[in-house]
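Listed here are the chains, written in short residue letters.
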Amino acid sequence: MMKEDVVIKVTDATVRFNKATENYNGLKEYVIKMLKGELMFQEFLALQHINFEVRKGESWGLIGKNGSGKSTLLKLICGILKPYKGSVDVKGNIAPLIELGAGFDGELTARENIFLNGALLGHKKAFMQQHFDEIIEFAELQDFVDVPLKNFSSGMSARLGFAVATIVKPDILIVDEVLAVGDAAFQEKCKQRMAKMLEGGTTLLFVSHSIDQVKELCQNAIWIDKGVVRACGKAEDVMPLYEFS
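Source: prediction; values computed, not measured. (Residues numbered from 1 in each chain as written. Predicted model: local features only at pLDDT ≥ 70, side-chain atom pairs only at ≥ 80, totals over all residues. Heavy atoms only, no water.)

Caption draft 1: Region of interest: unusual backbone geometry. In the Ramachandran plot, aspartate 12 falls in the positive-phi region, its phi being about 45° despite a non-glycine side chain. Among the structural elements, aspartate 12 can be located in strand S1 (residues 6-20). Unusually for a residue other than glycine, histidine 49 sits at a positive phi of about 50°. Relative to the helices and strands, histidine 49 is located in strand S2 (residues 41-55). (Helix = DSSP H or I, 4+ residues; strand = E, 2+ residues; numbered from the N terminus.)

Below, the structure written as structure tokens:
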């Protein structure tokens with residue numbers, strides 16, 4: 001049973017993927033081999049025996065090299081993935097900023113995408129209308145409201161995605177490399193908004209390759225290397241281990 005102040009509890013969690021070990025000449029050959037039970041796979045453990053707890057209002061930085069399993073762990077906590085073994089318990093609503101604008105349609109305008117993305121996040125049309133101007137102002141897209149998103153730069157799309165996703169204060173905010181996109185001024189606005197959420201009691205899980213950003217935003221850190229936790233605890237203790245590894 002989770003303690004009252006624990007909002008995320010990951011217990012002995014393992015994530016397994018199957019990698020194809022041979023190439024197939026088209027869909028037809030793949031389907032035939034699948035029906036015959038002749039598909040060959042190699043087991044790949046993306047995460048192995050992960051254990052940690054996050055308490056309400058804490059800020060955690062997830063650090064490690066590319067391919068270490070950081071994003072996989074976030075998807076596990078969000079419920080996008082299920083553990084092969086172990087369990088993940090989450091208490092409270094989550095705002096996952098894993099892929100900004102993942103629910104956007106490039107053929108639609110910024111205005112149309114705001115309402116589309118809002119609906120995907122569970123917000124009613126009246127709520128999105130109420131906060132429409134605030135979203136556009138934060139994203140700095142006043143001159144591009146009725147421009148199709150396919151004409152936006154990656155930074156403009158990221159600004160819009162962040163503005164929509166953070167229009168309400170979630171219990172848990174999950175951020176994966178969001179601040180890697182956009183200019184310095186936008187990154188600072190994002191950090192200020194996240195800091196304000198933390199002051200209001202929001203719990204933060206933050207992935208970034210910027211050591212300075214993790215140090216600035218996070219009290220705690222978990223270092224993952226090749227799917228295994230190498231260190232977990234106070235950021236001031238974990239970060240030096242990672243930096244000098």
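Caption draft 2: Region of the structure containing the pairing of strand S6 (residues 172-176). Along S6, 5 of the 5 residues are buried, which leaves the element largely enclosed by surrounding structure. Of the two faces of S6, the one holding Ile172, Ile174 and Asp176 and the one holding Leu173 and Val175 are both buried throughout. Sheet topology note: the strand S5 (residues 94-97)/S6 ladder contains 4 bridges and is parallel. Within S6, the residue paired with proline 96 across the bridge is isoleucine 174. Where S6 and strand S7 (residues 203-207) come together, 5 bridges link them in parallel fashion. (Buried < 20%, exposed > 50% of the residue type's maximum accessible area, 1.4 Å probe, protein only. Pairing = 2+ DSSP bridges.)

Caption draft 3: Expanded view of the environment of leucine 204. With respect to the helices and strands, leucine 204 occurs in strand S7. A C-alpha to C-alpha distance of 8.0 Å links leucine 204 and cysteine 218, two positions 14 residues apart in sequence. Dropping the residues within four chain positions of it, leucine 204 is found in contact with Glu58, Ser59, Trp60, Leu173, Val175, Met194, Leu198 and Leu217. (Contact = heavy atoms within 4.5 Å.)

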